[in-house]
Structure formats: C-alpha cells, structure tokens
Amino acid sequence: MIRALTLDLDDTLWAIAPVITRAEAAQHAYLREHCPRTAERYSIEGFRVLRETVARERHDLSHDFTEQRLIALRRALEDSGDDVAHAPHAFDTFFVQRNRVDLYDDVPDALARLAARRPLAALTNGNADLGRVGLGTHFRFSLGAREHGAAKPEPSIFHAACQRLGLPPRAVMHVGDDPWTDIDGAARAGLATCWINRERLPWPEALPRPDVEAHTLAELADHLDGHLDSRACLA
Ligand SMILES: [Mg+2]
C-alpha cells in the first residue's frame, strides 16, 4: 500500500541547470553594480570554482548549499576589498532567480493528480522554496537537507519525512531522478521507489533496480491510477 509520496524537486519537477545559470548571472549583476572589484576579480566561472572549493573544504556543510554560497560570497568580497555585508543581498538576488523555475510540461497536471490521491512531501538536497516556486499547495510539507541537517541518501532524512507523514517507510514511495541519492538512498531506508528517468538513461548496473521507472511524472500518475494501492504491481 503506497499511502504517500515523497518527491525530489531539482531535475524531477524542473531542469535545474538553466535555473542556476540565470541565478548566477543575477548574482553577478548585483556584484557588478554594488561591488565592482569583486565582480572584476570573480567572473561567474571564477565564483563557481570558489564555491566548489568551499564545498570541498566544508564537508560539514555538504547538506547546506545556502551556507556554502554565503561563505563563498563573504570570501570573494573580503578577497576583493569589498564590504562583506553585501553577501546576504547578493545571495538574495541569486535566490529569487533560483525559485523561478520552468516546470516540465507534464508536471502541473501530474502533480495535481498525484496530490488528489495521496499526501505529497518534498524531499530535497537543494534550497528551492516551494512557496516561492508556487507549488506549495500541492505539498503537505517540504523537508530540505539544510533544515534536516543531513542530505539524501542518508536514511535519516527519509525516515524524518515518513515520521512527519505518520507512515512507516514501506507505505511511502520516494520519487526522484538520481539513482544514488534518491533511489538507492530511499530503498536502503525502506521506502518504495520510482525513478523518473526523463533522459532515458541506462540504469547503473551496480545498484538494485527501482520498484518503478517512469519517463515523466504523468507516467507515474498513470501507473498509480492503474494500480491503486497494489503493491504487487511494483516490479
Ligand atoms: Mg534531483
């Protein structure tokens, strides 16, 4: 019996790469306007390298992209002789764009269908804000790695979501695009799994297969409508 779904967000409901590209450009425009020395010293690519350096140095923040980005911004401003007080404002310009996403075409209708049948919860390693994205009404709650203190594939984040849903893991299906963090992680935590494979990639041979594979969220909605609460069909 699948009585609730947890859903990954980035690359499951929308493509993340174009969103980050726009958000990085907005952040850089802020720096050009308010902190030109920083903008001069750190191109968009240069800032990306700095952020990756911070990520490597701060394994303790691997679940917290927001804090990683703020640290990188403070470091870039300081290196360039600009006021570090600009860091949260530069981040805000990034974050506004980070929540302007283009949903995959099938998502609005499929999400409404899924939400009409079962509670949905968002489970993300990223820092999207579902309220700002405009999808808040479909979800009972959103649990982010930053808020939880650990990222997928850690079992604890899946278990925390199940606990908030008031359901045992076996009654919850996790839906996501990443074979390792989403599917293998959820399976190890005892949840049913659906791999959203929009790119029609081969499944990594080293991993146990997902319970369900779908190319779109609409296919998953069709699957669940056709096999309501029948665990036997999940193979
Ligand atoms: Mg994803």
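Residues numbered from 1 in each chain as written. Predicted model: local features only at pLDDT ≥ 70, side-chain atom pairs only at ≥ 80, totals over all residues. Heavy atoms only, no water.

1. A word on the environment of leucine 111
If you trace the backbone, leucine 111 turns up in helix 6 (residues 107-117). Here the alpha-carbon distance between leucine 111 and histidine 138, two residues 27 residues apart in the chain, equals 7.1 Å. With sequence-adjacent residues up to four places away left out, leucine 111 is seen in contact with Leu7, Leu13, Leu120, Leu135, His138, Phe139 and Leu217. (Helix = DSSP H or I, 4+ residues; strand = E, 2+ residues; numbered from the N terminus. Contact = heavy atoms within 4.5 Å.)

2. Focus on the coordination of the magnesium ion
Donor atoms from the polypeptide that coordinate the magnesium ion comprise Asp8 (OD), Asp10 (O) and Asp177 (OD), at 2.1 Å from the metal. The motif formed by the donor residues of the magnesium ion, counted along the single chain, is D-x1-D-x166-D. Aspartate 10 carries the same exposure label as aspartate 8, and that label is buried. (Donors = N, O, S within 2.8 Å, 3.2 Å for Na, K, Ca; no water. Buried < 20%, exposed > 50% of the residue type's maximum accessible area, 1.4 Å probe, protein only.)

3. Structural notes on the packing of aromatic side chains
Within this structure, the stated rule accounts for three aromatic pairs. For the pair phenylalanine 91 and phenylalanine 95, a centre-to-centre distance of 5.4 Å together with 20° between the ring planes defines the contact as stacked. Of the two residues, phenylalanine 91 and phenylalanine 95 are both situated in helix 5 (residues 87-98); the distance of four residues between them amounts to about one turn of the helix. A relative accessible area of 8% means that phenylalanine 91 is categorised as buried. (Phe/Tyr/Trp six-rings, centres within 6.5 Å; stacked < 30°, edge-to-face > 60°.)

4. As for the packing of helix 1 (residues 17-34) against helix 4 (residues 65-80)
For the pair helix 1 and helix 4, interaxial distance at closest approach is 13 Å and the crossing angle is 30°. Between helix 1 and helix 4, the interaxial angle falls into the category roughly parallel. Between helix 1 and helix 4 lies a crossing of right-handed hand. Only Arg69, Leu73 and Leu77 of helix 4 make contact with helix 1, whose side of the interface consists of Glu24, Gln27 and Leu31. Taken together, the residues that form the contact of helix 1 with helix 4 break down as three nonpolar, one polar and two charged. (Axes fitted to C-alpha atoms, helices over the stretch in contact; angles between N-to-C directions. Parallel < 35°, antiparallel > 145°, perpendicular 65-115°, else oblique. Left-handed = near helix turned anticlockwise from the far one by under 90°. Nonpolar A, V, L, I, M, F, W, Y, C, P; charged D, E, K, R; others polar.)

5. Description of the side chain of histidine 63
Considering the arrangement of structural elements, one finds histidine 63 in the loop between helix 3 (44-57) and helix 4. We classify histidine 63 as buried; its relative accessible area is 13%. In this structure histidine 63 touches Asn125, Ala145, Arg146, Gly149, Ala150 and Ala151, once residues within four positions along its chain are discounted.

6. Considerations on the pattern of salt bridges
Inspection of the entire model under this criterion finds 19 salt bridges. Close ionic contact of aspartate 64 with arginine 146 constitutes a salt bridge, the shortest N to O distance being 2.8 Å. Placement of aspartate 64 in the loop between helix 3 and helix 4 and of arginine 146 in helix 8 (residues 145-148) is noted, with a sequence separation of 82 residues between them. Judged by its relative accessible area of 41%, arginine 146 is partly exposed. Between aspartate 225 and arginine 113 there is a salt bridge, with its nearest N and O atoms 2.8 Å apart. Of this pair, aspartate 225 sits in helix 11 (residues 217-226) while arginine 113 is found in helix 6, placing the two residues 112 residues apart along the sequence. One network of salt bridges, in which partners are shared, links Arg113, Arg117, Asp222 and Asp225. (Salt bridge = Lys/Arg side-chain N within 4 Å of Asp/Glu carboxyl O.)

7. Quick word on the domain arrangement of the protein
Split by domain assignment, the protein resolves into domain 1 (4-15 + 103-233) and domain 2 (17-98). Distance from the C-alpha centre of domain 1 to the C-alpha centre of domain 2: 29 Å. If you look at the interface, domain 1 gives 14 residues, while domain 2 gives twelve residues. Here domain 1 packs against domain 2, burying approximately 1,100 Å² in sum over the two surfaces, 48% of which is carbon and sulfur. Joining domain 1 to domain 2, the criterion identifies two salt bridges. Summed over the shared surface of domain 1 and domain 2, the result is five residue pairs in polar contact (both at pLDDT 80 or more). (Domains from an automatic or database assignment. Buried area = accessible area lost by both parts, 1.4 Å probe. Polar contact = N/O pair within 3.5 Å; in protein donor to acceptor, adjacent residues only side chain to side chain.)

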